[in-house]
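Chain by chain, the residues run as shown.
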Amino acid sequence: MALSVETPSPATDTDALHADRPTPPPSPKPARPRKSQAERMLDATLRFLSSVKVGVFLLAVLIVASVLGTVIIQKGTSGFTEYYASLLPAERELYEFLGLLDIYHTRWFNLLLLTVSLNIVLASIDYFPAAWRYVRKPVVKINQAFVSRQPFRHVAYATEAETALQTLKARAAQELRPFTHRWLPISAVYRVVETVNPRDGSITILTESHAWNRLTAYAVHAALLTIFGGALVGGLFGHKGTVRMVPGQSANTFVSFGAPDEPAQEFAMPFTLVCTDIEQNLLDPRKPDLSAPNTLDWHTRAIIRDEQRGVEVPAHIHLNHPFDYRGYRFFQASFDNFGSARTVNIELRPAGSPTGTAYLIGREPTDIPGLGRVRLADFIPDVTFQGGRLGSASGEYRRPVAILDVLGDNPRQLYAFPVEALETIGNAPFLKAKTEVGDMRLVMTDFEKVSSGHILQVQYDPGVAAVYLGSAMLIVALWLVFFFAHQRLWLYMEPLPDGHVRISLAGHTNRNRPAFEKRFQSIVAALPAAPGREFPPDSQPSATD
């Protein structure tokens, strides 16, 4: 407990010698220099920019603009070309004029971010000194007029001043001392300040907890500034586009598509993305259908080869599970409707036999006795023959064929057809050598359906780390704001001529009034009343403004 005693200043000899002399009139204060018009305009501008009302309005505009950027399909995203084609000519002109098709990269959105940030900074500068005074200079000297202005107040009388004082101090500490004060014994968490006035013998005791809560608003401001700073960096230097992933192929660039009359923009990545596998989970695999209603999830597996850092990082991207690397985010956007296969089931059947030895062939080589290492090289869903070459008439699974690569010392290609297709191509000599191995025939019995390629959305945002950090800061700051309260209790004791002591309790909290009222009532209940003394009309606890 801090104890401070107010001592009146003693009169000096000089004061006594000049006591009878007339007091000279106070010298006039020097007139303040008149501000120029430019200074007045600057002051008015700063007052306007630091206004809380202006800040709330700008923040509302920023929220609306962000919502529009989410609802309206933006340039560089998958499906923008189809969305742009669906707009009416008047809608296109309006959206282009307002920049609604690329909101986060427009000048007015970045200017809005800067203006909101400036408003937060200026408002913080204006209001911080008042909030800081709660922490550095608490109110430790009060009177009855101060008590009457508090939302919680109570007046009682006692005869044993010391007993009443110790009882109330103990109860106030029990109700208001935070549990965290044991590990953080600082005045901003909890403090008791006792002030004695020797002029009238009155005592004021301030019991205060969580004074730091007055500063949590500025933690919210810091979090918002961090988020806006990251968004501004992303808007100025970030890009987004798409890249098509096909097993066995690699890419170190992605493409951003705008309006049909705008050239596509290509952006380089500081690493190479190598697709190793794609997979599609179908609701009903028996259906020859790769549409979205029949798809539960689709997976893209790749390896990121970063020569600058000398590392290879595996990446697995599927629905609602993006992958982040060096400020680049990859997530699933769409897939091709053109059919393909992830794996095929084949059998090596002896001539005239309806069964044979079964093997599962995928993109990785599989050892087949008597044949060597074999892998799936390609898959055609609707095969056609044009000049001895294989092509696909459509992307539907009508006449499928698997193309297999035989590796080793004698590399070659083989074709695996379903058994019903082998009957129709039996008279094609150029296919006979591709479908037979010695006296064995290659027969495809089944295959795992998958699209021919996946479209990944690529978003490069160098400010995303700051946005994540600011979001975490904002969550913590809001928790501190709403789950803690600055609580103050004043105990004011005045000796009366009849030997009694008047005890006045005054309380204040900046939030959660019901919880503080319970604590205040508990402290009031500990007041020892003087026998035979009538309470004044305002002595009952009050929680009115």
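Small disclaimer: the values here were computed from a predicted structure and weren't measured. (Residues numbered from 1 in each chain as written. Predicted model: local features only at pLDDT ≥ 70, side-chain atom pairs only at ≥ 80, totals over all residues. Heavy atoms only, no water.)

(A) Structural view of unusual backbone geometry. In this model, H210 sits at a positive phi of 55°, which is unusual for a non-glycine residue. For H210, the position within the fold is in the loop between β4 (202-209) and α9 (216-237). Phi is positive for N320, close to 65°, though the residue is something other than glycine. Looking at where N320 falls in the secondary structure, it is placed in the loop between β9 (311-318) and β10 (323-325). On the accessibility criterion, N320 (69% relative accessible area) is exposed. (Helix = DSSP H or I, 4+ residues; strand = E, 2+ residues; numbered from the N terminus. Buried < 20%, exposed > 50% of the residue type's maximum accessible area, 1.4 Å probe, protein only.)

(B) Local environment of the pattern of salt bridges. Summed over the entire model, instances satisfying the criterion amount to 20 salt bridges. For K75, the salt bridge identified is with E96, shortest N-O distance 3.7 Å. In this pair, K75 is assigned in the loop between α3 (52-71) and α4 (80-86) and E96 in helix α5 (residues 89-98), connecting sequence segments 21 residues apart. Residues joined in a network through salt bridges with shared partners are D277, E279, R301, R342 and E448. (Salt bridge = Lys/Arg side-chain N within 4 Å of Asp/Glu carboxyl O.)

(C) Just the packing of helix α8 (residues 161-176) against helix α13 (residues 513-524), in detail. Direction vectors running N to C along α8 and α13 enclose 160°, while the axes themselves pass 9 Å from each other. As summarised for this structure, α8 and α13 are arranged roughly antiparallel, according to the angle between their axes. For the element pair α8 and α13, the recorded crossing hand is right-handed. Here α8 contributes L168, R171, A172, E175 and L176 to the contact with α13, which in turn contributes F516, R519, S522 and I523. Classifying every residue of the contact of α8 with α13 gives 5 nonpolar, 1 polar and 3 charged. (Axes fitted to C-alpha atoms, helices over the stretch in contact; angles between N-to-C directions. Parallel < 35°, antiparallel > 145°, perpendicular 65-115°, else oblique. Left-handed = near helix turned anticlockwise from the far one by under 90°. Contact = heavy atoms within 4.5 Å. Nonpolar A, V, L, I, M, F, W, Y, C, P; charged D, E, K, R; others polar.)

(D) View of the sheet that holds strand β13 (residues 357-361). The 4 strands are arranged β13-β12-β21-β20 in an open sheet whose pairing can be described as antiparallel. Edge positions in the open sheet fall to β13 and β20 (436-437), since each of these has one partner strand only. Sheet topology places strand β12 (residues 339-350) next to β13; 5 bridges connect them, and they run antiparallel. Across the sheet, the residue bridging to L348 is T357, located in β13. (Pairing = 2+ DSSP bridges.)

(E) Highlighting the pairing of strand β22 (residues 454-460). Counting buried positions along β22 yields 5 of 7 residues, so the element is predominantly enclosed. Strand direction decides the pairing type here: strand β5 (residues 239-245) and β22, joined by 7 bridges, are antiparallel. Along β22, the bridge assignment pairs V243 with L456. Note that strand β11 (residues 328-335) and β22 share 7 bridges and pair antiparallel.

Coordinates in, geometry out; function isn't part of it.
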